[in-house]
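Okay, here's what each chain looks like letter by letter:
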Amino acid sequence: MEAKQSMNKTLSRHNILKQIHRQEDWIVVNLLHRQADIISPELASKIRDGSILSEPESDDYRELSEKGYIIDPERETSLYRLAYADFIRERDAGEVQVFYVPGYACNFACDYCYQDGYIHDSHQAQDDVIDAFFTHLDTHLAGKPWYLTVFGGEPLLPGGGQRKIISRLIEGANARNVEIALVTNGYYLSEYIDLLSTAKIREIQVTLDGVGDVHDRRRPLKAGRMNGGEYRNFEKVVRGIDDALAAGLEINLRSVLDRDNLPRLHELADFALKRGWTANPRFKTQLGRNYELHYCQDQQNRLYGRLEMYEDLFEQIQRYPQILEFHTPAYSISRFLFENGELPAPLFDSCPGTKTEWAYDYTGQIYSCTATVGKDGEQLGRFYPHTDLDHDRIADWEDRDVLSISACRDCSLQLACGGGCGSVAYNREGNLHAPDCRPVDGLISMGVALYQDADIHERTEEKRKDPKENLHFNEVQLQ
Ligand code: SF4
Ligand code: SF4
C-alpha cells in the first residue's frame, strides 16, 4: 500500500529550502502544510535533486511524507484550494485600514520623501469633504470593522485651521466608535496631545532615523533647509514622543534605513533603551527600507536592495545585540515562527490595497493605498462632491494575488511572499499583475540563524505580532 502511494507522491510545490546563514545545516519550510524543520546538508541535497523520492522505505522519506514535504499532488491541490478559501474568508472578515490625507503639505524636507514631487496645496477648510468621507464609508464599509489613519504630508501642522480639521476627523471617528492612528513627523506632537486625547487613539507613528544629527540631516525642517537656517528637530520630536507616552498614547517609532544610517542604528537603540521607551508597553518600533517609489533620488547608491539591507542588519545585530531589544526584525516568517512556535497561515496576497486598505484625500479622490494616494492617474474614484467609483480598476486591484500573477504560480516562495507590492510592480512593469519578488528564502535563512538560539519567545510574548504587520509598511516611506 505504502509503495503504491509513494508512486503518486512527489515533492511539495511549496517547499522552501535554503542553507541557514553561515551554518552547515539547512532549513526546509512549507507554508501550505505549516511545517518548518532544520535538516542536514545530506538530506537537503536529496530533496534538492529529488533522489529522496527513490527511498520510500527510509525514515527521512516517511517523516517528510508525514509532514507534507512529500505529497500526492492532487491532494496538495485540494489543500491549496481550501487554504485559499480560508485566506479570502479571513481577509473579507478582517479589519480595513482607511487613510485620510488632509493635505500634502509638510514642514519637513526629508531627502527621501516620495511625495516630494506632489503638488502641495495649502490646508483649507474641509468640513464638507470630511463629512462626505464618513458618509461614504458608512455605506462602503457597512458592517465591516475599520479604523482611520490620518496621513499626509504632515497632518499635525500648527494653526487653528489644521486643528479644526483634526477635530472634525476625531468627531467623525468618535461618532462611529472608530479608532484613529496618525502618521506624523512628530514636530508638533506635544501641541496636539490635548486634542488627540479626546480620540480613541490606536497608535501614533513617528519617524526617527537616528540620534541627533543623523536624524536631522535626513529629515530637516523645511524652512531651515531652504533658507540655511535652523533645520534641527530631533530634540523636539523626542519631547513629543515622551509627552505622548506620558499621556498614555501608543507610539510606533519608525526608522527609514539606508546605507547612510543603518550603521548607526545601534545608537538609536541605545537612546531608546536609556530613555525607557523600550520598557514601555505602549512603545513599539518598525524599520522601513528607503527605496525609490515614484521620484528619482539624488543618491541612488545609498539605497539597499531588499536582501542587502537585512544582511547588513544581521551584521549590525551581531555587533550590537541591543538592537534586538529595540526592534526584532521579521526576517520573513522567522520572527513569527520563533515567537509563536508555529508558522503563520499561508499568505496568498501581501498587497492590501482595495482589500483591507483604502486611501482618501482632501480633494475628494479615492486611491488604493498610501503608495498611490495623491498620485495623478492612480485615482480609483471620488467620494466628494459626488460618489463615483471606477469599478473596473478597483476589480483589477481586488483580483491581484499570487494566483493572478502568472510568475507566482509556480514559485515555491509564493505562500511566504504573497506577490509583493502592486504599486512597485506597476511602476516597474506597467502591469499591476506583475510580480514584486521578495527574497523570502534568503531572509528566512538569516532569521533562523539569528533567532534559533535567542529566547525571543519569552521576551516578546506579550507583544506578539501580526504576521502581516511588516509586509506592508516596510515597503512604503511613510513620513
Ligand atoms: S503593498 Fe504596495 S500597492 Fe499594495 S497596499 Fe501596500 S503600498 Fe499599496
Ligand atoms: S512575487 Fe516573485 S518571489 Fe513572490 S511569489 Fe511571485 S514570483 Fe515568487
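Per an unreviewed UniProt entry, the protein chain goes by the name Arylsulfatase regulator and belongs to Salinispira pacifica. Looking at the protein chain in UniProt, the text filed under Cofactor (unreviewed entry) is "[4Fe-4S] cluster".

This next bit is on the pairing of strand β12 (residues 357-361). The buried fraction of β12 amounts to five of the five residues, a majority that puts the element mostly inside the structure. Both faces of β12 are covered, namely the face carrying E357, A359 and D361 and the face carrying W358 and Y360. One ladder, built from five bridges, connects strand β6 (residues 96-101) with β12; its direction is parallel. Bridging from a neighbouring strand, V101 pairs with D361 of β12. Across two bridges, β12 lies against strand β13 (residues 365-367) in antiparallel orientation. Within β13, the residue paired with A359 across the bridge is Y367. Connecting the antiparallel pair β12 and β13 is a turn made up of three residues, with G364 showing a positive phi of about 90°.

Further remarks concern the confidence of the model for the protein chain. With 89% of its residues at a pLDDT of 70 or more, the protein chain has an overall mean of 91. Here residues 1-5 is a poorly scored stretch, pLDDT under 50, and it has one contact once near neighbours within four places are set aside; other chains count. Confidence over residues 458-479 falls short of pLDDT 50; this stretch has 70 contacts with residues more than four positions distant or in other chains.

Our focus in this paragraph is the nonpolar core. Residues Y100, F133, L148, L169, L196, I251 and W277 are the most contacted members of the largest nonpolar core, which totals 116 residues. Of the residues forming this core, the biggest block, eight residues, is contributed by helix α18 (residues 440-451). The contact partners of W277, leaving out residues within four places of it in the chain, are L208, V238, I241, D242, L245, L253, F271, A272 and F283. One finds V28, L43, L64 and I70 within the second-largest nonpolar core, a separate group that totals 12 residues.

What follows is about the site of ligand 2. In the vicinity of ligand 2, the contacting residues are A407, C408, C411, Q414, C417, G419, P435, D436, C437 and R438. Tallied by class, residues from the shell around ligand 2 come to six nonpolar, two polar and two charged.

Further remarks concern the packing of helix α5 (residues 127-140) against helix α6 (residues 160-175). A pair of packed helices is captured by two measures, namely the crossing angle of their axes and the spacing between those axes. Taken N-terminus to C-terminus, the directions of α5 and α6 make an angle of 25°; their axes are 10 Å apart at the nearest point. If you check the angle between α5 and α6, you find them roughly parallel. Judged by the twist between their axes, the crossing of α5 over α6 is right-handed. Residues D127, I130, D131, F133 and F134 of α5 touch α6, and the partners they reach there are K164, I165, R168, L169, G172 and A173. By residue class, the composition of the contact of α5 with α6 is six nonpolar, one polar and four charged.

Tracing the chain through its elements places V178 in the loop between α6 and β8 (180-184). Put simply, V178 and W146 are 32 residues apart on the chain and 6.9 Å apart in space, counted from C-alpha to C-alpha. Each residue touching V178, except ones within four places of it in the same chain, is listed here: W146, Y147, L148, A173 and K200.

Buried within helix α17 (residues 422-429) are the following residues: G422, S423, V424 and A425. Residues of α17 that are buried in the fold lie against α15 (391-399). Immediately beyond the C-terminal end of α17, within one or two residues, lies G430, with a positive phi of roughly 65°.

So, about the pattern of salt bridges. One pass over the full model with this rule turns up 33 salt bridges. The partner of R302 in a salt bridge is D258, and the shortest N-O contact between them spans 2.7 Å. Remark: D258 occurs in the loop between β10 (251-257) and α11 (265-274) and R302 occurs in the loop between β11 (283-289) and α12 (306-319); sequence separation between them is 44 residues. Pair check on accessibility: R302 and D258 agree, each one buried. Put simply, R302 and D260 hold a salt bridge, and the shortest N to O gap is 3.7 Å. Taken together, the residues R302 in the loop between β11 and α12 and D260 in the loop between β10 and α11 connect sequence positions 42 residues apart. Taking relative accessible area as the criterion, R302 reaches 6% and is therefore assigned buried. Its relative accessible area of 45% is what places D260 among the partly exposed residues.

Definitions and limits used
Residues numbered from 1 in each chain as written. Chains lettered and ligands numbered in written order. Predicted model: local features only at pLDDT ≥ 70, side-chain atom pairs only at ≥ 80, totals over all residues. Heavy atoms only, no water. UniProt positions renumbered as here; feature names shortened; annotations may be inferred. Buried < 20%, exposed > 50% of the residue type's maximum accessible area, 1.4 Å probe, protein only. Helix = DSSP H or I, 4+ residues; strand = E, 2+ residues; numbered from the N terminus. Pairing = 2+ DSSP bridges. pLDDT = per-residue confidence, 0-100. Contact = heavy atoms within 4.5 Å. Core = buried A, V, L, I, M, F, W, Y, C linked by side-chain atoms within 4.5 Å. Near = heavy atom within 4 Å. Nonpolar A, V, L, I, M, F, W, Y, C, P; charged D, E, K, R; others polar. Axes fitted to C-alpha atoms, helices over the stretch in contact; angles between N-to-C directions. Parallel < 35°, antiparallel > 145°, perpendicular 65-115°, else oblique. Left-handed = near helix turned anticlockwise from the far one by under 90°. Salt bridge = Lys/Arg side-chain N within 4 Å of Asp/Glu carboxyl O.

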